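Observations on chain architecture
Each chain, letter by letter, is given below.
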Amino acid sequence: HKCLQLLEKTAKGAEIKLTGTLKQCEGCGMAAAKQKSVNKVTNHKAQEVGEKIYIDAAGPFNETIGGNKFIFGAVDEKSRYGWFNFAARKSAMEKFVKEVILELKTKGKTVKFVRCDNAGENKEPLKKLCLEHGVELEFTPPGTPQMNGIIERRLAILIQRGNAMMLSSGINEETRKVLWAESVNTANVLENNTVSSVQKISAHEALT
């Protein structure tokens, strides 16, 4: 569900020959919605992969088969690699962010900055977590989603693509309501493994 130009770049990098004709996806058309343009404004631009991550949460949505209602997302500013997980409660955000920080550490990457919105109930736990790991926590001002635009846009894209996948598959509405997390996760795996408008290689390759 990506555009032809980016698919061609990805295939070229992976030495894959594309065949056939890319047809317009009815599911993408049905799932499409106008999204407000956001500026990725920041005072510090990451120079290294893993240096700065943007985090956010969305929900509650319909409860999945696994009992999840919330999406947690994190995107690395430099590579655009994304991590996404799901939980029954929004308070699980701290655990998710900790896992991302530790995963990057095992890859030899040091997180120096974490940017998020006001975070609500997660504000104090995130402060404590970042203090423990020597990370500077940046909170965006209220009413300025553009200040956290990298993750805001990624969430919107993945939800839209997940909907497109399910609509294209022909599964009924009741099934879509409990499988949305699987479709969003699949969309993120595909996003990590294809090139983007800001990367000549996939996010997965950039991270590793």
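Up top is the structure these notes are about.
The structure reproduced in this document is the subject of the present report.

Cut-off values and rules
- Residues numbered from 1 in each chain as written.
- Predicted model: local features only at pLDDT ≥ 70, side-chain atom pairs only at ≥ 80, totals over all residues.
- Heavy atoms only, no water.
- Buried < 20%, exposed > 50% of the residue type's maximum accessible area, 1.4 Å probe, protein only.
- Helix = DSSP H or I, 4+ residues; strand = E, 2+ residues; numbered from the N terminus.
- Arc of directions from axis to C-beta.
- Contact = heavy atoms within 4.5 Å.
- Phe/Tyr/Trp six-rings, centres within 6.5 Å; stacked < 30°, edge-to-face > 60°.
- Lys NZ or Arg CZ within 6 Å of the ring centre and 35° of its normal.

What follows is about helix α4 (residues 123-132). Three or more residues of α4 are buried, namely L126, L129 and C130. Along the axis of α4, the buried residues cluster in a sector spanning 95°; they form a single face. Facing away from the buried surface of α4 by more than 90 degrees, the exposed residues are E124, K128, L131 and E132. Tucked inside the fold, the buried residues of α4 contact β1 (52-58), α3 (93-106), β4 (113-116) and β5 (136-139). Once α4 finishes, G134 follows within two positions and takes phi at roughly 65°, a positive value.

The description of two aromatic rings rests on the distance between their centres and on the angle between their planes. By the definition in use, this model includes four aromatic pairs. Each residue in the set F61, F86 and W180 is aromatic and connected to the rest through ring pairs, giving one cluster. The lysine or arginine in question, K52, covers the ring of F113, its NZ or CZ lying 5.9 Å from the ring centre. Over the ring of F139 we find K123; its NZ or CZ atom is 5.3 Å from the centre of that ring.

The analysis is restricted to geometry; functional conclusions fall outside its scope.
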